[in-house]
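# Structural features, examined
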Amino acid sequence: PFTLLVLSPLGYLSYRQARLVWFGLNLILIFCLPWGLCKWSPDLLRPQRRLILLGALSFYPFLVCLWQGQISILLLWAIIGFLLLLRTGKDFWAGVALGLGLMRFHLIYLIVLLVVAKRRVQVTLGFSLSAGILLGSSFLWVGKEGYWNYLTLLKRMNQDQGALLVLPQKFQNWVGQLYLLGFP
């Protein structure tokens, strides 16, 4: 639910306008990707800035994110923020940034497990605070019943391997790739 809070301002626009705004924001985040990566490792990546931008703009998963309006690029930036803050020694804030990645919790938990296993206490505290605030605000927003329905949906999706929400012809195979390009 906290992800919906970020996206809720788009609800004031028509579907077409919201899609264009979201597409534009994602495109800006992709264009800024070389800057973020160069901040992370300046000596290694700065000479290759144009190549990184070209790679980012031609990287198929980014194109899918743009085409489908996914939020995965926000997750990438949460991870980049985590790495940049970790590199500068701001462990607590790195944990907070990592907590923002909970919008895709099924992709972030391995990083969290690694942080806990490495006994990075400040990072763990920052993550815990961020996660607590996000989960608490979500709980206040949707209530106990909303959370229960969400957990039930996750359990059901796990039992049928996602067939509840994803049609097999839309999987990431050749048939799915052609579908994404507009061919039925």
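All of the points below concern the structure found in this document. Worth saying up front: this structure is predicted, and the values here are computed from it rather than measured. (Residues numbered from 1 in each chain as written. Predicted model: local features only at pLDDT ≥ 70, side-chain atom pairs only at ≥ 80, totals over all residues. Heavy atoms only, no water.)

We now examine the nonpolar core. Counting residues in each nonpolar core, the largest one holds 19 residues, and the members touching the most others are F2, F82, L98, L102, I108, V115 and F127. Sorting the residues of this core by element identifies α2 (15–31), α7 (72–87), α8 (91–100), α9 (105–117) and α10 (121–159) as the ones contributing at least two each. When neighbours within four sequence positions are excluded, F82 is seen to be in contact with A94, A97, L98, I111, V115 and V123. Grouped together as the second largest cluster of nonpolar side chains are ten residues, A56, C65, I73 and I80 included. (Core = buried A, V, L, I, M, F, W, Y, C linked by side-chain atoms within 4.5 Å. Buried < 20%, exposed > 50% of the residue type's maximum accessible area, 1.4 Å probe, protein only. Helix = DSSP H or I, 4+ residues; strand = E, 2+ residues; numbered from the N terminus. Contact = heavy atoms within 4.5 Å.)

A separate point is the packing of aromatic side chains. Between two aromatic rings, the relevant description is the distance of the centres plus the angle of the planes. A full pass over the atoms with the stated rule returns two aromatic pairs. Seen from their ring centres, F139 and Y147 are 5.6 Å apart, and the 55° between their planes marks the pair as tilted. (Phe/Tyr/Trp six-rings, centres within 6.5 Å; stacked < 30°, edge-to-face > 60°.)

Packing of α2 against helix α5 (residues 49–58) leaves a shortest axis separation of 9 Å and a crossing angle of 145°. Each of L27, I30 and F31 in α2 lies in contact with α5, whose residues at this interface are L53, A56 and L57. Classifying every residue of the contact of α2 with α5 gives six nonpolar, no polar and no charged. (Axes fitted to C-alpha atoms, helices over the stretch in contact; angles between N-to-C directions. Nonpolar A, V, L, I, M, F, W, Y, C, P; charged D, E, K, R; others polar.)

The tally for this structure, following the rule as stated, stands at one salt bridge. Measuring nitrogen to oxygen at the nearest pair gives 3.0 Å for the salt bridge that ties R120 to D91. With R120 in the loop between α9 and α10 and D91 in helix α8, this pair connects stretches of sequence that are 29 residues apart. On the basis of relative accessibility, which here comes to 32%, the residue R120 falls in the partly exposed class. (Salt bridge = Lys/Arg side-chain N within 4 Å of Asp/Glu carboxyl O.)

Turning next to the side chain of S130. Topologically, S130 is positioned in helix α10. Contact partners of S130, with chain neighbours within four places excluded, come to G95, V96, G99 and L100.

For any two helices packed against each other, the geometry is given by the interaxial angle and the distance between the axes. Here helix α3 (residues 33–40) crosses α7 at 25°, and the two axes come no closer than 9 Å. Judged on the interaxial angle alone, α7 and α3 are roughly parallel. Crossing handedness for the pair α3 and α7: left-handed. Of the residues in α7, those in contact with L33, W35, G36, L37, K39 and W40 of α3 are L76, W77, I80, L83, L84 and R87. Tallied by class, the residues present in the contact of α3 with α7 amount to nine nonpolar, one polar and two charged. (Parallel < 35°, antiparallel > 145°, perpendicular 65-115°, else oblique. Left-handed = near helix turned anticlockwise from the far one by under 90°.)

Moving on to the layout of surface pockets. Volume-wise, the second largest pocket comes out at about 230 Å³. Forming the boundary of the second largest pocket are 14 residues, of which Y15, R19, W22, Q68 and G69 lie nearest the centre. Looking at the lining of the second largest pocket, the elements with two or more residues in it are α2 and α6 (60–68). Residue contributions to the lining of the second largest pocket peak at seven residues, all from α2. Of the residues assigned to the lining of the second largest pocket, the class counts are ten nonpolar, three polar and one charged. (1 Å grid on protein atoms, 1.4 Å probe; cavity = no way out; pocket = protein on both sides within 12 Å on 5 of 7 lines; lining within 4 Å. Points joined across faces, edges and corners; volume = space filled by probe spheres on them.)

Where nonpolar side chains cluster on the molecular surface, the patch consists of F105, W148, Y150, L151 and L153 and spans about 520 Å² of accessible area. Of all the elements, α10 adds the most residues to the nonpolar patch, at four residues. Mapped onto the elements, L151 comes out in helix α10. (Patch = residues over 30% accessible without salt bridge, like charges linked within 9 Å, V, L, I, M, F, W, Y side chains within 5 Å. Areas by Shrake-Rupley, 256 points an atom, 1.4 Å probe, with all protein chains shown as cover.)

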